[in-house]
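Letter by letter, the chains look like this.
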Amino acid sequence: MIRSSLVLLLAAITPVGGFYLPGVNPQSFGDGDPVKLKVNKMTSHQTLMPVDYYRLPFCQPVDGVNVDNENLGEFLAGDRIKSSPYRLNMKEEMYCEQLCSTNLGRGEQRGVSPNKVVRAIRKEYHNNWIVDNLSAASKVEDDTTITTRYWQGFPVGFVATDTKKAYVHNHVNIEIMYHPVETETDKYRVVRFTVEPFSIKHDFEPLEDDDNLNGDDDGADTSNYQVAKINNPIASCDPSRGSKVHTDYAMITAPDREAQIASGPALFTYDVTWKENDELHWASRWDIYLSMDNAIPAKVHWLSIANSLVIVFVLSAMIAAILVRNLRRDFARYNKLATDEEKAEDLEEFGWKLVHADVFRPPSFSPLLLSVACGTGAQILCMSFLTIIFSAMGFLSPANRGALLMAELLLYVMMGGVAGYVTARLYKTFKGKAWQRATTCTALGFPGIAFLMFFTLDVLAISQKSTDAVPFTTMIVLLVLWFGISTPLVFFGAYFGYKQDAIEFPVNTSSIPRQIPDQPWFMGIPFTLAIGGILPFGACFVELYFILASVWMDQYYYVFGFLLLVYFILIVTCAEITVLFCYFQLCGENYHWWWRSFCTAGSTALYVFLYSFVYFKQLEANSLATYLLYFGYMGLVSLGLLCMTGFIGVASSLAFNKTIFSSIKID
């Protein structure tokens, strides 16, 4: 058992290699076979509102735009994958192929609202293209360097530093690497997809004969597809050249060339280059994306874990030095038989033993709310643990878009029985009578807040014409998951929870509450919340940064082995700091530890929410919709984290108190 656990742990912390589940079959292409290029939503880290690709006046397929079948996770993530007019055929080179000519809108003028393309460029929107389920990498070239980035797609255009005007990328160099299939003859698989965008002003005249506009969609002959005659073309677009050449940076930046301004008529063109790569196999093609080409070395995550372990070791040393030593002394003093002289002197006892008749008294403020919060926290704890485990083992492949989000949603729904059971056991222990109300609040409380937030932000997304706006049918699916699966499971778990006996305590509770003496300032709520939350937050804030970058900056996060270790460290840190403060609180003869333990560990969520303000500065957002979207979801995440860490605090303090009070003799 120990050996298998070590193997699982080592497999989890090993850097993730190419891995695909059974059922994710590779697609092989023969010479000349069409390779579909699809377009996805356009994203911006300024607005955080993804928009549909065809919201801008880009070229569309002749036979109309076709929408891919998408799963629930893709809909919730805002993905809208659609067909494109780009024609690619396996191993067929293309040189300045014409796509279409379109009018981008009115020019930029003071006092006049800019067109859609200009607004998208100034908001730094990026295109996200897909070939064979592989996301496009972006290649950027200047006079000295060539940089390839494997996240965030490639920009729609750019704003010139001198003229301050927006220019559109109307030409792209599409570079596709392929690997020969060893088990099939003359078959190839796509292993890399890179796009290098350029902006070039084509001096063109539309062709009067539109017969060519219908094109050949079967890929039989795409080399002569033309929609315009280019006057004074660049070398790659010149049909009179004897030898064809691909578009490069030198052609675009030649002294007699200009960039295409994001207004008026524009001609869209593209090159296609095919390169064979014998070393890169299909199963490993996602590796460079997940590692983001080593933009974030593994050393950073190891340093983060080392920092977290230092915090855990310091806390453990404090517990060993304070709790263990003091508890041994307390046990010896409380369990010692009093001598006749001590009885005659009637020495007054002091310390946590004095509150033995009150320590397990139900919380004075809303036992129902505490039970519901702990039940919700247990549900989120189980959901997050299983999600990280499945991800670390490779079951949630990035090739299956939306799988991670869908797994989180379904696991949360399936853990409804855990929430009902924990709520019922605690509420029965607190001698609560409104069992139906407690169960109903568990089933409708946090999910209701989440759905209300989601619905409000969905209305906001609709007003912004964003792809984040989910269709009505998706809303129905979410309601079915909530009321058809989660809610019955909550009541099912609560049924078994109420059938169980209440939690047994080692000491009895008196009928008259003991008066609590005045507490020192450092045992007040503000101080305990400040110290109780900063240590768990400090143990995980580095991984939190990368997770926020994957959510809001469209970066990849797939180091779930590191995340699993940090997750365990977070749980241990929350438990240790809560137990430490609970002991100090009981020594001060303050037995109101239920809510204090919940808030001590739960204050980690407060630091996460405050940190979200710091991280928000990186997004360069300046619209009200972006503020509402970002802080709305970050507030919801912080609320869920409050319930999860609060439950850890209550559970650890309860176990600690039961242990120490069962170890002493009570007269």
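Thresholds, definitions, all that
Residues numbered from 1 in each chain as written. Predicted model: local features only at pLDDT ≥ 70, side-chain atom pairs only at ≥ 80, totals over all residues. Heavy atoms only, no water. Helix = DSSP H or I, 4+ residues; strand = E, 2+ residues; numbered from the N terminus. Buried < 20%, exposed > 50% of the residue type's maximum accessible area, 1.4 Å probe, protein only. Contact = heavy atoms within 4.5 Å. Areas by Shrake-Rupley, 256 points an atom, 1.4 Å probe, with all protein chains shown as cover. Pairing = 2+ DSSP bridges. Axes fitted to C-alpha atoms, helices over the stretch in contact; angles between N-to-C directions. Parallel < 35°, antiparallel > 145°, perpendicular 65-115°, else oblique. Left-handed = near helix turned anticlockwise from the far one by under 90°. Nonpolar A, V, L, I, M, F, W, Y, C, P; charged D, E, K, R; others polar. Polar contact = N/O pair within 3.5 Å; in protein donor to acceptor, adjacent residues only side chain to side chain. pLDDT = per-residue confidence, 0-100. Phe/Tyr/Trp six-rings, centres within 6.5 Å; stacked < 30°, edge-to-face > 60°. Disulfide = S-S within 2.5 Å.

Enquirer: Could you clarify how one ought to interpret the overall build of the protein chain in this entry?
Expert: On a plain count of helices and strands, the protein chain comes out with 16 helices and 16 strands. The buried share among the 667 residues of the protein chain stands at 51%. Expressed as a percentage of contacts within the protein chain between residues at least 6 apart in sequence, the contacts between residues at least 24 apart total 82%. Accessible area for the protein chain stands at about 31900 Å²; split by element, carbon and sulfur atoms hold 60% of it.

Enquirer: Just checking my understanding: could you explain the sheet that holds strand 3 (residues 94–103) for this structure?
Expert: In a beta sheet, neighbouring strands pair by backbone hydrogen bonds and run either parallel or antiparallel. One open sheet holds the six strands; their spatial order is 3-16-12-13-7-8, and the pairing between them is mixed. Of all strands in the sheet, those bounded by a partner on one side alone are strand 3 and strand 8 (146–149). The sheet shows a mean angle of 25° between the axes of neighbouring strands, direction not considered. Of the strand pairs in this sheet, strand 12 (residues 171–180) and strand 16 (residues 265–276) are connected by eight bridges, and their pairing is parallel. The partner of Asn-173 across the bridge, within strand 16, is Asp-271.

Enquirer: Explain the sheet that holds strand 2 (residues 82–83) to me, please; I cannot follow it from the model alone.
Expert: With antiparallel pairing, the four strands of this open sheet are ordered in space as 2-1-5-6. In this open sheet, the two strands that pair with only one neighbour each are strand 2 and strand 6 (134–135). Judged from the three bridges that link them, strand 1 (residues 37–39) and strand 5 (residues 129–131) form a sheet pairing that is antiparallel. Among the inter-strand pairings, Val-39 is bridged to a residue of strand 5, identified as Trp-129.

Enquirer: Mind showing me how you'd approach the environment of Gln-618 here?
Expert: Looking at the element boundaries, Gln-618 is found in the loop between helix 15 (594–616) and helix 16 (624–661). Along the backbone, Gln-618 and Gln-46 are 572 residues apart, and their C-alpha atoms lie at a distance of 9.0 Å. Not counting chain neighbours up to four residues away, the residues in contact with Gln-618 comprise His-45 and Tyr-545.

Enquirer: Explanation requested: the packing of helix 11 (residues 435–463) against helix 12 (residues 472–499) in the structure shown.
Expert: Two packed helices can be described by the angle between their axes and the distance between those axes. At a minimum axis distance of 9 Å, the contact between helix 11 and helix 12 shows a crossing angle of 160°. Taken together, helix 11 and helix 12 sit at an angle that is classed as roughly antiparallel. As for the relative orientation of helix 11 and helix 12, their crossing is right-handed in sense. Residues of the contact of helix 11 with helix 12, tallied by class, amount to 17 nonpolar, five polar and one charged.

Enquirer: I would appreciate a short explanation of the pairing of strand 7 (residues 137–141) in the present structure.
Expert: The two faces of a sheet get side chains in turn, since along a regular strand they alternate between them. Here strand 7 runs beside strand 13 (residues 188–198); their pairing, made up of two bridges, is parallel. In the sheet register, Ala-137 faces strand 13, and the bridge partner there is Thr-194. Bridge count between strand 7 and strand 8: four bridges; the pairing is antiparallel. By the bridge assignment, Val-140 is partnered in strand 8 with Thr-147. Hairpin connection, strand 7 to strand 8: the antiparallel pair is bridged by four residues.

Enquirer: Just to check I follow, could you spell out the environment of Val-159 for this structure?
Expert: Mapped onto the elements of the fold, Val-159 is located in strand 10 (residues 157–159). Separated by 37 residues in the primary sequence, Val-159 and Arg-122 have C-alpha atoms spaced 6.9 Å apart. Here Val-159 is in contact with Ile-121, Arg-122, Lys-164, Lys-165 and Ala-166, once residues within four sequence places are set aside.

Enquirer: Would you take a moment to explain the side chain of Gln-152 for this structure?
Expert: Tracing the sequence through the fold places Gln-152 in the loop between strand 8 and strand 9 (154–155). A distance of 3.1 Å separates the side chain of Gln-152 from the side chain of Arg-149, its partner in a polar contact. At 2.6 Å, the side chain of Gln-152 and the backbone oxygen of Met-553 are in polar contact. If sequence neighbours within four positions are ignored, Gln-152 has contacts with His-126, Asn-127, Asn-128, Met-553 and Asp-554.

Enquirer: Where do I start with the confidence of the model for the protein chain in this structure?
Expert: Parts of the model with low pLDDT should not have their predicted coordinates read in detail. Across the protein chain, pLDDT averages 84, with 88% of residues at or above 70. Counting interchain partners and residues more than four positions distant, the pLDDT-below-50 stretch residues 342–348 has four contacts.

Enquirer: How should the packing of aromatic side chains be read in this particular structure?
Expert: In this description, an aromatic ring pair is defined by two values, namely the gap between the centres and the angle between the planes. Evaluation of the coordinates by the stated rule reveals 43 aromatic pairs. An angle of 25° between the planes, with centres 4.4 Å apart, marks the rings of Trp-482 and Phe-483 as stacked. Residue class for Trp-482 comes out buried when judged on its relative accessible area of 13%. The class for Phe-483 is partly exposed, based on a relative accessible area of 45%. With 4.9 Å between their ring centres and 50° between their planes, Phe-616 and Phe-631 make a pair best called tilted. With a gap of 15 residues between them, Phe-616 in helix 15 and Phe-631 in helix 16 connect regions that are remote in the sequence. The pair formed by Phe-616 and Phe-631 is uniform in burial state, with each residue classed as buried.

Enquirer: For this particular structure, what's the right way to read the state of the cysteines?
Expert: Tallied over the full model, the rule gives two disulfides. Across the disulfide, Cys-59 is cross-linked to Cys-100 (sulfur-sulfur distance 1.8 Å). What sets the handedness of the Cys-59 and Cys-100 disulfide is the S-S torsion sign, and at about -85° it is left-handed. Of the two residues, Cys-59 is situated in the loop between strand 1 and helix 2 (72–77) and Cys-100 in strand 3; the sequence distance between them amounts to 41 residues. On the accessibility criterion, Cys-100 (16% relative accessible area) is buried. Across the disulfide from Cys-96 sits Cys-237; the S-S distance is 1.8 Å. The sign of the 75° torsion about the S-S bond sets the Cys-96-Cys-237 disulfide as right-handed. With Cys-96 in strand 3 and Cys-237 in the loop between strand 15 (228–231) and helix 4 (249–252), the pair connects residues that are 141 residues apart, well separated along the chain. Taking relative accessible area as the criterion, Cys-237 reaches 10% and is therefore assigned buried. By sequence order of its bonded cysteines, the protein chain has the disulfide arrangement 1-3, 2-4.

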